[in-house]
Amino acid sequence: MPLPAIRNGTVKRCKARTKSRNLEQCLCPAAYGTTVCNKHGAVHPDKRAKGKSHGNYKKGAYTQDKLQQQTEQIAVLRNLEDALIVLGSIDNRTRGNKPNGYKDIQTLEQVGAFLLELENIKTSD
Ligand SMILES: [Zn+2]
């Protein structure tokens, strides 16, 4: 029987399935900020191991910080490509998914704003 708070719908329920109860959903409430209870491996998001302290860390090429950094760099490159298309230097766009944080550039004013922003990025590094 689940706790009253779960039956009311005020608390999220653990999403884990238990073998002992024929793969039914766990009856415990989910821990804060997670989808499972403490018996099924919940770790507070602030205490979760990240970067070098994570167990699967090897060379650091796929850490969340590194992937975010790569996404930002790809967005800058894609904006440069947009600027060249607006200025008429190139015709075709490179294929692929749009990176997060990418804003389409279609006018000369947007090209100017992007170049000013790029100058700020270069001077801040
Ligand atoms: Zn559970």
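Residues numbered from 1 in each chain as written. Predicted model: local features only at pLDDT ≥ 70, side-chain atom pairs only at ≥ 80, totals over all residues. Heavy atoms only, no water.

(A) Examining the overall build of the protein chain more closely. Scanning the protein chain from N- to C-terminus turns up three helices and two strands. Computed over its C-alpha atoms, the radius of gyration of the protein chain comes to 24 Å, more than 25% above the 14 Å expected for a compact globule of 125 residues. Along the longest, intermediate and shortest principal axes, the C-alpha atoms of the protein chain span 70 × 35 × 25 Å. Classification of the 125 residues of the protein chain by burial places 20% in the buried group. Taking all contacts inside the protein chain whose residues are at least 6 apart in sequence as the whole, residues at least 24 apart take part in 19%. Here the protein chain displays about 10,200 Å² of accessible surface, and carbon together with sulfur accounts for 51% of that area. Here the protein chain contributes 21 positively and 12 negatively charged side chains, and the mean placements of these two sets differ by 19 Å. (Helix = DSSP H or I, 4+ residues; strand = E, 2+ residues; numbered from the N terminus. Rg over C-alpha atoms; globule rule 2.2 N^0.38 Å. Buried < 20%, exposed > 50% of the residue type's maximum accessible area, 1.4 Å probe, protein only. Contact = heavy atoms within 4.5 Å. Areas by Shrake-Rupley, 256 points an atom, 1.4 Å probe, with all protein chains shown as cover. Lys, Arg positive; Asp, Glu negative; His and termini not counted. Charge placed at Lys NZ, Arg CZ, Asp CG, Glu CD.)

(B) Seen up close, the coordination of the zinc ion. For the zinc ion, the full set of protein donor atoms is Cys14 (SG), Cys26 (SG), Cys37 (SG) and His40 (ND1), and the range of their distances to it is 2.0 to 2.4 Å. Classification of the site at the zinc ion as tetrahedral follows from its four donor atoms and the range of 98 to 117° in their angles at the metal. Note on Cys14: relative accessible area 0%, which makes it buried. (Donors = N, O, S within 2.8 Å, 3.2 Å for Na, K, Ca; no water. Tetrahedral: all angles 85-135°; square planar, octahedral: opposite > 155°, others 65-115°.)

(C) Quick look at the domain arrangement of the protein chain. Examined at the domain level, the protein chain breaks down into domain 1 (1-48) and domain 2 (64-124). The C-alpha centroid of domain 2 is placed 43 Å from the C-alpha centroid of domain 1. (Domains from an automatic or database assignment.)

(D) Summary view of the packing of aromatic side chains. Here the structure, examined in full by the defined rule, presents zero aromatic pairs. It is Arg78 that lies over the ring of Tyr102; its NZ or CZ is 5.2 Å from the centre. (Phe/Tyr/Trp six-rings, centres within 6.5 Å; stacked < 30°, edge-to-face > 60°. Lys NZ or Arg CZ within 6 Å of the ring centre and 35° of its normal.)

(E) Just the confidence of the model for the protein chain, in detail. Per-residue pLDDT for the protein chain has a mean of 89; in total, 98% of the residues score no lower than 70. Looking at the elements of the protein chain, mean pLDDT is at its lowest for helix H1 (residues 4-8), recorded as 77, and at its highest for helix H2 (residues 64-87), recorded as 93. (pLDDT = per-residue confidence, 0-100.)

(F) Just the pattern of salt bridges, in detail. Following the criterion strictly, the structure yields three salt bridges and no others. Arg21 serves as the salt-bridge partner of Glu24, at 3.0 Å between the closest nitrogen and oxygen. You can call Glu24 partly exposed: its relative accessible area is 42%. On the basis of relative accessibility, which here comes to 30%, the residue Arg21 falls in the partly exposed class. Between Asp82 and Arg93 there is a salt bridge, with the nearest N and O atoms lying 2.5 Å from each other. Here Asp82 is found in helix H2, whereas its partner Arg93 is found in the loop between H2 and helix H3 (108-124), with eleven residues between them in sequence. (Salt bridge = Lys/Arg side-chain N within 4 Å of Asp/Glu carboxyl O.)

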